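Okay, here's what each chain looks like letter by letter:
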Amino acid sequence: MEQIKLTVNGLADSNNMTGAYVVVLSVAHSKKRIPVVIDATEAQSIAKKITSMDTPRPLIHEVFSISMRKFDITAEEVLIYKFEEGIFYSRIFFSRGEQHEFVEAKTSDAIALALIFNCPIFTTSEVTRLA
């Protein structure tokens, strides 16, 4: 399966849903953009990272990443592998030494953690075609 790199292009209020936001992902080597609807919690974590915003205490995604790093666990990459009935499905791939595992995650959480861990976000050609 060929992986296509994505980058976070921006964050905006959702015009359709109150309290929802849209994170816009750019597809590498393409003009295609993929909008992902997210909740306020994930939007705050993403906004903090892309704007270098400061908060008096760590947000939940930061607490998670701090905890993971204390146990020498690193997020290696995020893969948005499926788009079905308007929902994106994602996995976060972690490593600890020679051990490699992945967990299913909400795409909004996966994006927030990818930014915090500074790891790449990928998708498939099928997802880019359907989204």
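Just so you know, these numbers come straight off a predicted model, no measurement behind them. (Residues numbered from 1 in each chain as written. Predicted model: local features only at pLDDT ≥ 70, side-chain atom pairs only at ≥ 80, totals over all residues. Heavy atoms only, no water.)

Digging into the pattern of salt bridges
Short version of the rule: Note on definitions: salt bridges are taken to be side-chain nitrogens of Lys or Arg within 4 Å of carboxyl oxygens of Asp or Glu. Numbering of helices and strands runs from the N terminus; a helix is a DSSP stretch of H or I covering at least four residues, while a strand is a stretch of E covering at least two. The cut-offs for exposure are 20% and 50% of the maximum accessible area for each residue type, with area from a 1.4 Å probe on protein chains only; residues under the lower value are buried, those over the upper are exposed, and the others partly exposed.
Summed over all chains, the structure comprises four salt bridges. The residue Lys106 makes a salt bridge to Asp39 at a minimum N-O spacing of 3.7 Å. Placement of Lys106 in the loop between strand E6 (99-105) and helix H3 (107-117) and of Asp39 in the loop between strand E3 (33-38) and helix H1 (40-51) is noted, with a sequence separation of 67 residues between them. Accessibility expressed as a relative area gives 41% for Lys106, which makes it partly exposed. Of the charged contacts in the structure, one is a salt bridge between Arg91 and Glu104, with a shortest N-O distance of 2.7 Å. One end of the pair, Arg91, is in strand E5 (residues 87-96); the other, Glu104, is in strand E6, with 13 residues separating them in the sequence. A network of salt bridges, in which partner residues are shared, links Asp39, Glu42 and Lys106.

Digging into the sheet that holds E5
Stated formally: Pairing between two strands requires that DSSP report at least two bridges joining them. In this analysis an axis means a line fitted to C-alpha atoms, helices contributing only their contacting stretch, and an angle means the value between N-to-C directions, from 0 to 180 degrees.
Pairing is mixed across the open sheet formed by seven strands, whose spatial order is E3-E2-E1-E7-E4-E5-E6. Of all strands in the sheet, those bounded by a partner on one side alone are E3 and E6. Averaged over all pairs of adjacent strands, the angle between their axes in this sheet comes to 35°, without regard to strand direction. The sheet contact formed by strand E2 (residues 21-27) and E3 spans six bridges and is antiparallel. The partner of Tyr21 across the bridge, within E3, is Ile38.

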